[in-house]
Amino acid sequence: MVTRTVAVDAVGLEGRAASLATRSIKRESKRRALDLTIRCMDLTTLEGTDTVGKIVALCSKAVRPSPVDRSVPSVAAVCLYPQLVPVAASQLAGTGVEVASVAGGFPSGLGPLDARLREISEVIERGATEVDIVLNRSLFLGGRNREAFEELVAAREVAADVRLKVILETGELGSYDRVRQASVLAMAAGADFIKTSTGKIGSGATLPVALCMMEAARDFHRQTGRRVGVKVAGGVRRARQAIQHLVLLHETLGMEWLVPSLFRIGASTLLNDVLMQLEKERTGRYAGPDYFTLD
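Caption draft 1: Structural context of the state of the cysteines. Applying the stated rule across the entire model yields zero disulfides. With no disulfide partner, Cys59 has as its closest neighbouring cysteine sulfur the one in Cys79, 12 Å distant.

Here it is as structure tokens:
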């Protein structure tokens, strides 16, 4: 198990994140940044009120986000609960939009391990092409890193060649050092992505936490030669916030990571704000929020 980590300079990390957040991009680059935000988006619904009709509508919007501008790209994936995976798989077949399912005892990850692994296998059988699971924080925060690592290795084996994203739930980890340790543990276990949050607690993605994870992914690549993606989720609701994360990504990991296979934004309300910004770039004026379908 690769667990080599370095202590995080919290003051330096927060200062760098704050500095990069103020960096502006040229006007001609804004349209490309907004397009990239959409192409890297996991359009997400994880509510107890999710219905078949809601998933059908969400999949339609995922494939064609703008009703008036066909140049607007499709999103990367639709992320949803396991029971609704067959609906999304049917709706998205042949579109290029991935079906991402949470699994493995989401959002706590504290059920029996065999049941969690079986759920991963079942969602793949139902048509999921990506799986978002959670790190067992009970084990990790209890100092039982080996067991937490072995659970993720088992999940990696069950997922086989399906893209596996490991949610760290950074708002519960307590420090940047633990965020970095959890990032390295998940990457060493075979995660294709490390993800900030479930979106089910008050604290979601923050710029310093995202930067901490990006730096861990950068150093892991330098040590192993393997590229691991980063997914930010929870609290990214405005186009401005998404672009800030793109700036952090570019400055930390470079152009190679500015692709949907290595960067994702999990969001339920972000898309409409990005579409309004694109409409402003296209026409010179903002469309009202009721111009777009509800997420």
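Continuing now.
Caption draft 2: The arrangement of the packing of helix 7 (residues 145-159) against helix 8 (residues 176-188) in detail. In the contact formed by helix 7 and helix 8, the axes pass within 9 Å of each other and the chain directions differ by 40°. As far as their axial angle goes, helix 8 and helix 7 are oblique. In this structure, helix 7 crosses over helix 8, and the sense of that crossing is right-handed. Here helix 7 contributes Asn145, Ala148, Phe149 and Leu152 to the contact with helix 8, which in turn contributes Leu185, Ala186 and Ala188. Split by residue class, the contact of helix 7 with helix 8 holds six nonpolar, one polar and no charged.

Caption draft 3: Spatial organisation of the environment of Tyr176. On the secondary structure map, Tyr176 appears in helix 8. Linking Tyr176 and Val8, residues 168 residues apart in sequence, is a C-alpha distance of 6.3 Å. Once residues within four sequence positions are removed from consideration, Tyr176 is found in contact with Val8, Ala10, Leu13, Glu14, Pro208, Val209 and Cys212.

Caption draft 4: The arrangement of the packing of helix 3 (residues 52-63) against helix 4 (residues 85-92) in detail. Relative orientation of the contacting elements helix 3 and helix 4 amounts to 35°, with a least axis distance of 9 Å. At the point where helix 3 passes helix 4, the crossing takes the right-handed sense. Along its contact with helix 3, which presents Val52, Ile55, Val56, Cys59 and Val63, the element helix 4 presents Val87, Ala88, Gln91 and Leu92. Its residues assigned to classes, the contact of helix 3 with helix 4 shows eight nonpolar, one polar and no charged.

Caption draft 5: Structural view of the pairing of strand 1 (residues 41-44). Every second residue of strand 1 is oriented toward a common face, with Met41 and Leu43 on one face and Asp42 and Thr44 on the other, all of them buried. One ladder, built from three bridges, connects strand 1 with strand 8 (residues 263-267); its direction is parallel. Within strand 8, the position partnered with Leu43 by the bridge is Ala267. As paired strands, strand 1 and strand 2 (residues 77-80) are joined by three bridges and run parallel to one another. Bridge pairing in strand 2 links Leu43 to Val78. Assessed by its sense of winding, the connection that carries the chain from strand 1 through helix 3 to strand 2 is right-handed.

Caption draft 6: Seen up close, empty space enclosed by the protein. Using the criterion set out here, one finds three cavities of 30 Å³ or more in the structure. When its volume is computed, the largest cavity comes out at roughly 110 Å³. In terms of lining, the largest cavity is formed by 13 residues, of which the most central are Arg116, Ile133, Val134, Glu151 and Ala155. Secondary structure elements with two or more residues in the lining of the largest cavity: helix 5 (113-126), strand 4 (130-134) and helix 7. Along the lines of polarity and charge, the residues of the lining of the largest cavity split into nine nonpolar, two polar and two charged.

Caption draft 7: Quick look at the environment of Arg16. Here Arg16 is to be found in helix 1 (residues 10-21). On the basis of relative accessibility, which here comes to 34%, the residue Arg16 falls in the partly exposed class. Those residues in contact with Arg16 that sit more than four places away from it in its chain are Leu211, Glu215, Glu251 and Thr252.

Caption draft 8: Looking closely at the layout of surface pockets. Each pocket or cavity is described by its volume, and for the largest pocket that value is around 500 Å³. Together, 25 residues line the largest pocket, and Thr44, Glu47, Gly199, Gly234 and Ser268 are the ones closest to its centre. Listed by contribution, the elements that provide at least two residues to the lining of the largest pocket are helix 3, strand 7 (229-233) and strand 8. Here the lining of the largest pocket is composed, by residue class, of seven nonpolar, 11 polar and seven charged. As a volume, the second largest pocket reaches approximately 360 Å³. Lining of the second largest pocket is provided by 14 residues; of these, Ile25, Ser29, Ala33, His250 and Leu258 occupy positions nearest its centre. When contributions to the lining of the second largest pocket are tallied by element, the ones reaching two or more residues are helix 2 (27-39) and helix 10 (239-253). Per-element accounting of the lining of the second largest pocket gives the leading share, five residues, to helix 10. Here the lining of the second largest pocket is built from residues that sort into eight nonpolar, three polar and three charged.

Analysis parameters
- Residues numbered from 1 in each chain as written.
- Predicted model: local features only at pLDDT ≥ 70, side-chain atom pairs only at ≥ 80, totals over all residues.
- Heavy atoms only, no water.
- Disulfide = S-S within 2.5 Å.
- Axes fitted to C-alpha atoms, helices over the stretch in contact; angles between N-to-C directions.
- Helix = DSSP H or I, 4+ residues; strand = E, 2+ residues; numbered from the N terminus.
- Parallel < 35°, antiparallel > 145°, perpendicular 65-115°, else oblique.
- Left-handed = near helix turned anticlockwise from the far one by under 90°.
- Contact = heavy atoms within 4.5 Å.
- Nonpolar A, V, L, I, M, F, W, Y, C, P; charged D, E, K, R; others polar.
- Buried < 20%, exposed > 50% of the residue type's maximum accessible area, 1.4 Å probe, protein only.
- Pairing = 2+ DSSP bridges.
- Right-handed = clockwise from strand over helix to strand, strands pointing away.
- 1 Å grid on protein atoms, 1.4 Å probe; cavity = no way out; pocket = protein on both sides within 12 Å on 5 of 7 lines; lining within 4 Å.
- Points joined across faces, edges and corners; volume = space filled by probe spheres on them.

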